[in-house]
Amino acid sequence: MDYSNKRTKFKITASLQKDSQQDIDQTNCSVQDDRKIHIQAAIVRVMKARKSLSHNQLIQETISQIKKVFTPNVQMIKRCIEVLIEKQYIERVPESRDTYHYIA
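What comes next is a walk through the structure. (Residues numbered from 1 in each chain as written. Predicted model: local features only at pLDDT ≥ 70, side-chain atom pairs only at ≥ 80, totals over all residues. Heavy atoms only, no water.)

### Brief notes about the packing of helix 1 (residues 21–50) against helix 2 (residues 55–66)
In a packed pair of helices, the relevant descriptors are the angle between the two axes and the axis-to-axis distance. Close contact between helix 1 and helix 2 brings their axes to 9 Å; oriented N to C, the two are set at 120 degrees. Overall, the two elements helix 1 and helix 2 adopt an arrangement that is oblique. For the crossing formed where helix 1 meets helix 2, the hand is right-handed. Touching His38, Ile39, Ala42, Ile43, Arg45, Val46, Met47 and Arg50 of helix 1 are Leu58, Glu61, Thr62, Gln65 and Ile66, all from helix 2. (Axes fitted to C-alpha atoms, helices over the stretch in contact; angles between N-to-C directions. Helix = DSSP H or I, 4+ residues; strand = E, 2+ residues; numbered from the N terminus. Parallel < 35°, antiparallel > 145°, perpendicular 65-115°, else oblique. Left-handed = near helix turned anticlockwise from the far one by under 90°. Contact = heavy atoms within 4.5 Å.)

Here you go:
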């Protein structure tokens, strides 16, 4: 009984693709941009619900909303608040510098 299989077996080794430094930098940049947009959206949602908040409360509520997706950096949240002030979504209350008011 001579049995031979008609199918030929090939061993295929998976080659590991090495990412270049440029690809890694580009990916990190796009991730940071996506995170900034996500943080800005969370800040607007919080301010839309509360209308007026102090700086510390805004940061705490933003972190509590975003921590399910990623751990936000406080410096990045501060930059996003400044961007939203420039875009006129929120404003600082003139009497109190650490309080924000929702505009739009």
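### Thoughts on the pairing of strand 3 (residues 99–102)
Where strand 1 (residues 52–54) and strand 3 come together, three bridges link them in antiparallel fashion. Paired with leucine 53 across the two strands is tyrosine 100, which belongs to strand 3. In terms of strand pairing, strand 2 (residues 90–92) meets strand 3 through three bridges, oriented antiparallel. The residue bridging isoleucine 90 from the neighbouring strand is tyrosine 102, located in strand 3. With antiparallel pairing between neighbouring strands as the criterion, strand 2 and strand 3 make up a hairpin whose turn holds six residues. (Pairing = 2+ DSSP bridges.)

### A word on unusual backbone geometry
Despite not being glycine, lysine 51 has its phi angle at roughly 70 degrees, a positive value. Along the chain, lysine 51 turns up in the loop between helix 1 and strand 1. Note on lysine 51: relative accessible area 44%, which makes it partly exposed. Even without being a glycine, glutamine 88 presents a positive backbone phi close to 65 degrees. Mapped onto the fold, glutamine 88 is located in the loop between helix 3 (74–86) and strand 2. (Buried < 20%, exposed > 50% of the residue type's maximum accessible area, 1.4 Å probe, protein only.)

### Things to note about the nonpolar core
In terms of nonpolar packing, the biggest core is built from 20 residues, with Ile39, Ile43, Met47, Leu58, Ile81, Ile90 and Tyr100 touching the most fellow members. Only helix 1, helix 2, helix 3 and strand 3 provide two or more residues apiece to this core. Contact partners of isoleucine 81, with chain neighbours within four places excluded, come to Ile43, His55, Leu58, Ile59, Ile90 and Tyr100. (Core = buried A, V, L, I, M, F, W, Y, C linked by side-chain atoms within 4.5 Å.)

### Let's talk about helix 3
Its 13 residues give helix 3 an end-to-end C-alpha distance of 19 Å, which sits within 8% of 18 Å, the value for a rise of 1.5 Å per residue. Restricting attention to buried positions, one finds in helix 3 the residues Met76, Ile77, Cys80, Ile81, Leu84 and Ile85. Buried residues in helix 3 make contact with helix 1, helix 2, strand 2 and strand 3. Directly after helix 3, the chain includes glutamine 88, whose backbone phi takes a positive value near 65 degrees. (Expected span 1.5 Å × (residues − 1).)

### Some remarks on the pattern of salt bridges
A side chain with one charge may pair with a side chain of the opposite charge, provided their charged atoms come close. Scanning the model with the defined rule gives two salt bridges in all. Arginine 50 is the partner of glutamate 61 in a salt bridge, and the nearest nitrogen-oxygen pair spans 2.8 Å. Taken together, the residues span a long stretch of sequence, with glutamate 61 in helix 2 and arginine 50 in helix 1 at a distance of eleven residues. Relative accessible area serves as the criterion here: at 23%, glutamate 61 is assigned to the partly exposed category. With a closest N to O distance of 2.5 Å, glutamate 82 and arginine 92 form a salt bridge. (Salt bridge = Lys/Arg side-chain N within 4 Å of Asp/Glu carboxyl O.)

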